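Letter by letter, the chains look like this.
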Amino acid sequence: TYNQGVILGGLVDLYKSTNDRELLTQAHAIAEAAITHLAPNGVLQEPCDPATCGTDAPQFKGIFMKNLAYLYQTSPKPKYKKFIAENARSIWWQSRNHLNQFGFSWAEEFDIADASRQSAALDTLNAAFLLANQRRANNGDREQSMDANDRLIANQNPQPQPFNVNSNEFNHNDLILRNVFKDD
């Protein structure tokens, strides 16, 4: 997933420098192939066992997801947004322990915590958050409070779980993890 992720980001950057649409065509072909071959049941996984992957491999999925979101922002395909959201949902509900630490496999129970696992999961959660709130950010309207369609959810439960953000970038402190995990 690392090799595919890095090249996605590089192709998008090169496209932005040259406006050569063939670069986006290549990026989409790589993204589609990676999703098809590295995401059985819709959840991204490394093609190696955690015991034999090496210490840096747990980070690789995050690099792919971050750059897939970058590709989506440049040349949107709804499939990518849905894929990122589904992986974020799986991370949150399948791979998280009671201390909010994330494991290697996003489709299985938590195994162990390390910086690479946490970083990869956070890259994916951040990508899902970014894409779920892209419409609002693009409008540049940070003064209005978020409406129900801009909230992020952790599940379909009618009682959302609050996720507080204290930042001058947002003029509110009550973001809800609602639309991140919501299918469009």
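A quick note: this is a predicted structure, and the numbers were derived from the prediction, not measured. Per-chain numbering applies: the sequence of each chain, read as written, is numbered from 1 onward. Local features in this predicted model are restricted to residues of pLDDT 70 or higher, and side-chain atom pairs are both shown and tallied only at a pLDDT of 80 or more, whereas totals for entire chains, interfaces and linings draw on every residue. Just so you know, side-chain values use all the structure's heavy atoms and leave hydrogens and water out.

### Brief notes about the packing of aromatic side chains
Line of reasoning, step 1. Side-chain rings of Phe, Tyr and Trp, where Trp is taken by its six-membered ring, are said to pair if the distance between their centres is within 6.5 Å; with planes under 30 degrees apart they count as stacked, over 60 as edge-to-face, and otherwise as tilted. Under the definition given, this model contains 2 aromatic pairs.
Line of reasoning, step 2. Where Y2 meets F60, the ring centres are 5.1 Å apart and the plane angle is 45°; that geometry is what we call tilted. Placement of Y2 in helix α1 (residues 2-18) and of F60 in helix α3 (residues 60-74) is noted, with a sequence separation of 58 residues between them.
Line of reasoning, step 3. Where W92 meets F102, the ring centres are 6.3 Å apart and the plane angle is 40°; that geometry is what we call tilted. Here F102 lies in the loop between α4 (78-94) and α5 (115-132) and W92 lies in helix α4, a separation of 10 residues in the sequence.
Line of reasoning, step 4. Only protein chains enter the area calculation, which uses a 1.4 Å probe; residues under 20% of their type maximum are buried, those over 50% are exposed, and those in between are partly exposed. Residue W92 is classed as buried on the basis of its relative accessible area of 15%.
Line of reasoning, step 5. Distance and angle both matter: a charge sits over a ring if NZ of Lys or CZ of Arg is within 6 Å of the ring centre and within 35 degrees of the ring normal. Over the face of the ring belonging to F104 we find K61, whose NZ or CZ atom lies 4.4 Å from the ring centre. Each helix corresponds to a stretch of at least 4 residues labelled H or I by DSSP, and each strand to a stretch of at least 2 residues labelled E; elements are numbered beginning at the N terminus.

### Re the confidence of the model for the protein
Line of reasoning, step 1. For every residue, the predictor reports its confidence as pLDDT, a number between 0 and 100. When pLDDT is averaged along the protein, the result is 80; 73% of the residues meet or exceed 70.
Line of reasoning, step 2. In this description, contact between two residues means that some pair of their heavy atoms is separated by no more than 4.5 Å. Confidence drops under a pLDDT of 50 for residues 140-176, and excluding neighbours within four residues, the segment shows 75 contacts in the predicted structure.

### Side note on the pattern of salt bridges
Line of reasoning, step 1. When a carboxyl oxygen of Asp or Glu lies within 4 Å of a side-chain nitrogen of Lys or Arg, that pair is called a salt bridge. A complete count under the given rule lists 4 salt bridges for this structure.
Line of reasoning, step 2. Close ionic contact of E86 with R89 constitutes a salt bridge, the shortest N to O distance being 2.2 Å. Of this pair, E86 and R89 both sit in helix α4, 3 residues apart, which is roughly one turn of that helix.
Line of reasoning, step 3. Of the residues examined, R89 reaches a relative accessible area of 18% and is grouped as buried.
Line of reasoning, step 4. Here D111 makes a salt bridge to R117, at a shortest N to O gap of 3.1 Å.
Line of reasoning, step 5. The class of D111 is partly exposed, set by a relative accessible area of 33%.
Line of reasoning, step 6. Taken together, the shared-partner salt bridges connect D111, D114 and R117 into one network.

### Some remarks on the side chain of Q118
Line of reasoning, step 1. The topology assignment puts Q118 in helix α5.
Line of reasoning, step 2. In contact with Q118, other than residues within four places in its own chain, are N100, Q101, F102 and A113.

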